[in-house]
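Analysis of the macromolecular model
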Amino acid sequence: MYAGFAEIVVRPHAPFTGRTLREIAFRKTYGVEPIMFSSGGSEMRMGFVDTPLSAGDVIVVFGPWNNIHALATDPNFVLSTRVEEPAVRREKAPVALLCFAGGIALTLTGIPISMGLLTGALVMILARVLSIDEAYRSIDWKTIFLLAGLIPLGTAMINTGTAALIAGTVLPLIGDAHPILLFIGIGALTTLFTLIMSNLGAVVILVPIALLIGAETGIDPRGLALLVGLCASNSFLLPTHQVNAFLMSSGGYHTRDYLKAGSILTVLFLIIVSGWIYMVFV
């Protein structure tokens, strides 16, 4: 790994005091990306490049280790965190690549992707590509517990019939609406379900109901089924999807960050997918 995160502090009486990150061309000068800015007890994650720097301001940066080490010698900043640059074992790269390819190949034989990749990780440990301690430290336990709590919730909604009851109640209410509104409604409900349960669970519940509505309204059921399948991936709004949850801890994000960015993406996703399904199948 050639890059990482670090925290730097503006030195007292630094020449940069009173100037902004934009004015000093921070990214170009130091080759790192400012991720978060803290000043006077307030924390900002965006829009701080034009904020004047003051002594004691804290900046979280991401970039190559060499550039971060160079910041430690700069008279304007103090590197406040210990930078533990991991050793790069280049001679193990072919073995690691072979293990990864083998794990992917196992999934193509019908083995669940989780078991295939876990097998690849186990072989990496046996081949001494990394130690058990290194593998253990790389696990984001916050993500593990988040998903561990989410999976039973989705299972409970399926097994108790709650999800089917919600879908069976809501979808008939919009069955007589204009097709484009029907598509948006089905897409929105699928998006809601995929945020609180697995993508597969949302598809299993909603596809049969969508097919039934298609048969009753005369709309091509294939389009409604495809709409459900596509909107099952519309999971930008909350950190409940595996990828979003994985980035939450390492990037220092909060739920409100996903709501800010994900709300716009969710609406655009619904409009584009619903409009495309409408043009193709109606």
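Read on for an overview of the structure. Predicted, not measured: the structure shown is a model, and the values here were computed from it.

**Brief notes about the packing of aromatic side chains**
This model, assessed by the stated rule, comprises eight aromatic pairs. Plain terms: the ring middles of Phe16 and Phe77 are 6.2 Å apart, the flat faces sit at 55° to each other, and that makes the pair tilted. A residue pair is termed long-range when its members are at least 10 positions apart, and Phe16 in the loop between β1 (3-10) and α1 (26-30) and Phe77 in strand β5 (residues 77-79) qualify at 61 residues. Neither Phe16 nor Phe77 differs from the other in exposure class; each is buried. Among the aromatic residues, ring-to-ring pairing joins Phe16, Phe26, Tyr30 and Phe77 into one connected group.

**What about helix α12 (residues 255-281)?**
Here α12 is 27 residues long and its end C-alpha atoms lie 36 Å apart, about the 39 Å a rise of 1.5 Å per residue gives. Of all the bends in α12, the largest measures some 40° and sits at Gly262. All of the buried residues along α12 are Asp257, Tyr258, Gly262, Thr266, Leu270, Val273, Ser274, Gly275 and Ile277.

**Overview of the side chain of Asp57**
Secondary-structure assignment places Asp57 in the loop between β3 (42-44) and β4 (58-64). Although Asp57 lies buried, it forms no salt bridge, and the closest oppositely charged side chain, Arg19, sits 13 Å away as judged by the N-O distance. From its side chain, Asp57 meets the backbone nitrogen of Ser54 in a polar contact 2.6 Å long. If sequence neighbours within four positions are ignored, Asp57 has contacts with Ile8, Val9, Val10, Phe37, Ser38, Ser39 and Pro52.

**A word on the packing of helix α8 (residues 179-196) against helix α9 (residues 199-217)**
Interhelical geometry of α8 versus α9 gives an angle of 155° and a closest axis separation of 9 Å. Classified by the interaxial angle, the pair formed by α8 and α9 is roughly antiparallel. Crossing of α8 over α9 shows right-handed handedness. Together, Leu182, Leu189, Thr190, Phe193 and Thr194 of α8 and Asn199, Ala202, Ile205, Leu206 and Ile213 of α9 make up the contact between the two elements. Considered class by class, the residues forming the contact of α8 with α9 number seven nonpolar, three polar and no charged.

Rules used throughout
Residues numbered from 1 in each chain as written. Predicted model: local features only at pLDDT ≥ 70, side-chain atom pairs only at ≥ 80, totals over all residues. Heavy atoms only, no water. Phe/Tyr/Trp six-rings, centres within 6.5 Å; stacked < 30°, edge-to-face > 60°. Helix = DSSP H or I, 4+ residues; strand = E, 2+ residues; numbered from the N terminus. Buried < 20%, exposed > 50% of the residue type's maximum accessible area, 1.4 Å probe, protein only. Expected span 1.5 Å × (residues − 1). Bend = angle between axes of the 7 residues up to and from the residue. Lys, Arg positive; Asp, Glu negative; His and termini not counted. Salt bridge = Lys/Arg side-chain N within 4 Å of Asp/Glu carboxyl O. Polar contact = N/O pair within 3.5 Å; in protein donor to acceptor, adjacent residues only side chain to side chain. Contact = heavy atoms within 4.5 Å. Axes fitted to C-alpha atoms, helices over the stretch in contact; angles between N-to-C directions. Parallel < 35°, antiparallel > 145°, perpendicular 65-115°, else oblique. Left-handed = near helix turned anticlockwise from the far one by under 90°. Nonpolar A, V, L, I, M, F, W, Y, C, P; charged D, E, K, R; others polar.

Note that all results are geometric; they support no functional claim without further evidence.
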